[in-house]
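So you can see what is in the structure, the chains are spelled out below.
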Amino acid sequence: GAISTYSVITADPSPAVNGTSYLCNTAAGAFNVTLPAAPSVGDQVEITRSGATHAVTVLGNGKTINGAASLAINADGGSSRIRYWDATYQWVEMS
């Protein structure tokens, strides 16, 4: 799963779609990005925060991200590419 789709969002896509890079415009406020509940090995999603002082929280949707239920992107311009490894490692932050 390479990144092949690019989308600017202002709310949770619920859930995020494999292979999509999301530019999260947080000018109006913080919001969540929920990862897919049934990912396949190799699926990946990229999330970049843009705007004001509001955070984006990435939710694992029943899976872990680096061993935790969620991942906060607090810095303006902060970005993370997240890949699903397998049932053991689940979602892993790649950058």
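Relevant structure appears above.
This is a predicted model, so every value here is computed, not measured.

1. Quick look at the sheet that holds strand β4 (residues 44-50)
And step 1. The strand order across the open sheet formed by 5 strands is β1-β2-β4-β7-β8, and the pairing between neighbours is mixed. This sheet does not close on itself; its edge strands, each paired only once, are β1 (5-9) and β8 (91-93). Strand-to-strand, the axes of this sheet are offset by a mean angle of 20°, without reference to chain direction.
And step 2. Taken together, the 5 bridges between β4 and strand β7 (residues 79-84) define a ladder with antiparallel strand orientation. Across the sheet, Gln44 pairs through a bridge with Arg83, a residue of β7.

2. Description of the packing of aromatic side chains
The description of two aromatic rings rests on the distance between their centres and on the angle between their planes.
And step 1. In this structure the tally under the stated criterion is 1 aromatic pair.
And step 2. Their ring planes at 70° and their centres at 5.4 Å tell us that Tyr84 and Trp91 sit as a pair that is edge-to-face. For the pair Tyr84 and Trp91, a shared accessibility class is recorded, and that class is buried.
And step 3. The positively charged end of Arg83 is found above the aromatic ring belonging to Trp85, 5.9 Å away from the centroid.

3. A short note on unusual backbone geometry
Peptide bonds are, in most cases, trans, and in most cases residues other than glycine have a negative phi.
And step 1. A cis amide bond links Ser14 with the next residue in sequence, Pro15, at an omega value of 0°.
And step 2. In this fold, Pro15 is placed in the loop between β1 and β2 (20-25).
And step 3. The phi angle at Ser14 is positive, at roughly 40°, despite the residue not being glycine.
And step 4. Tracing the sequence through the fold places Ser14 in the loop between β1 and β2.
And step 5. Looking at Ser14, the relative accessible area reads 53%, which means it is exposed.
And step 6. At Gln90, a residue that is not glycine, the phi angle is positive and equals roughly 55°.
And step 7. What makes Gln90 buried here is its relative accessible area of 16%.

4. Description of the pairing of β4
And step 1. In terms of burial, β4 is largely enclosed, as 6 of its 7 residues are buried.
And step 2. When β2 meets β4, the two strands line up parallel, connected through 6 bridges. The residue of β4 that forms the bridge with Tyr22 is Ile47.

5. Brief notes about the environment of Val58
And step 1. Mapping Val58 onto the fold places it in strand β5 (residues 56-59).
And step 2. C-alpha separation for the pair Val58 and Thr10, spaced 48 residues apart in sequence, amounts to 14 Å.
And step 3. Contacts of Val58, omitting those with residues within four sequence positions, involve Val33, Leu35, Ile47, Ile65, Ala69, Ser70, Leu71, Ile73 and Ile82.

What counts and how
- Residues numbered from 1 in each chain as written.
- Predicted model: local features only at pLDDT ≥ 70, side-chain atom pairs only at ≥ 80, totals over all residues.
- Heavy atoms only, no water.
- Pairing = 2+ DSSP bridges.
- Helix = DSSP H or I, 4+ residues; strand = E, 2+ residues; numbered from the N terminus.
- Axes fitted to C-alpha atoms, helices over the stretch in contact; angles between N-to-C directions.
- Phe/Tyr/Trp six-rings, centres within 6.5 Å; stacked < 30°, edge-to-face > 60°.
- Buried < 20%, exposed > 50% of the residue type's maximum accessible area, 1.4 Å probe, protein only.
- Lys NZ or Arg CZ within 6 Å of the ring centre and 35° of its normal.
- Contact = heavy atoms within 4.5 Å.

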